[in-house]
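Fold and geometry: a report
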Amino acid sequence: MTNPTVVPPVVYVAIRTRNEGTEMAAEIRELRDGRKALLTYTSLDRLLSLAGPNQSWIVIRTEELEGLKKEQPFDVVIFDLEIPEMYRADGAIA
C-alpha cells in the first residue's frame, strides 16, 4: 500500500511584482503541453533553494488556492519545482 500525498496546510507561492512594486501576481508558467502551472513550495527553505534567493513570495492557506485560481486561472499546481538559474528572478521588478 502506498502512502497518500500529504498536502501542507499552507504553501509558499512564487509571485512577481508589477507597476513599480505596487501590484503582485502569482507566478504562473506555461508548460510544454500548453497547460498553465502555479508554482508553489512546501516550505520557505525549499522556495529559496529551488527558485533562488531573489524570488518574491507569499504564504497562503492551501484551501485558498481555489480563490486564487478564480483570479488567475491555472490548470495545475506544481510543488517544489527547481527553476533553472537562467529563469530565476534577479530581483528586478517586472
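For the structure given in this document, a descriptive report is provided here. (Residues numbered from 1 in each chain as written. Predicted model: local features only at pLDDT ≥ 70, side-chain atom pairs only at ≥ 80, totals over all residues. Heavy atoms only, no water.)

It is worth spelling out the nonpolar core at this point. Counting 10 residues, the largest nonpolar core consists of V11, V13, I15, A26, I28, L38, I60, L65, L68 and F74. Broken down by element, the residue count for this core peaks at 3 residues, all from strand β1 (residues 10-18). Setting aside anything within four residues of it in sequence, one finds I60 in contact with P9, V10, V11, V13, L65 and L68. With 8 residues, the next largest nonpolar core counts Y12, Y41, L50 and I83 among its residues. (Core = buried A, V, L, I, M, F, W, Y, C linked by side-chain atoms within 4.5 Å. Buried < 20%, exposed > 50% of the residue type's maximum accessible area, 1.4 Å probe, protein only. Helix = DSSP H or I, 4+ residues; strand = E, 2+ residues; numbered from the N terminus. Contact = heavy atoms within 4.5 Å.)

Once that is clear, we can look at the packing of aromatic side chains. In the structure shown here, the tally under the stated rule is 1 aromatic pair. The ring of F74 carries K69 above its face, with NZ or CZ at 5.7 Å from the centroid. (Phe/Tyr/Trp six-rings, centres within 6.5 Å; stacked < 30°, edge-to-face > 60°. Lys NZ or Arg CZ within 6 Å of the ring centre and 35° of its normal.)

Counted by the stated rule, this structure contains 5 salt bridges. With a closest N to O distance of 2.8 Å, D33 and R35 form a salt bridge. For R35, a relative accessible area of 37% gives the class partly exposed. Of the charged contacts in the structure, one is a salt bridge between D80 and R46, with a shortest N-O distance of 3.5 Å. In this pair, D80 sits in the segment after β6 (76-79) while R46 sits in helix α1 (residues 44-51), placing the two residues 34 residues apart along the sequence. (Salt bridge = Lys/Arg side-chain N within 4 Å of Asp/Glu carboxyl O.)

Before going further, it helps to spend a moment on the environment of A14. Of note, A14 is situated in strand β1. Look at A14 and you get buried, because its relative accessible area is 1%. In sequence terms A14 and I28 are 14 residues apart; their C-alpha atoms lie 8.5 Å from each other. When neighbours within four sequence positions are excluded, A14 is seen to be in contact with A25, A26, E27, L39, Y41, L47, Q55, S56 and W57.

Taken by themselves, the reported measurements are silent on function.
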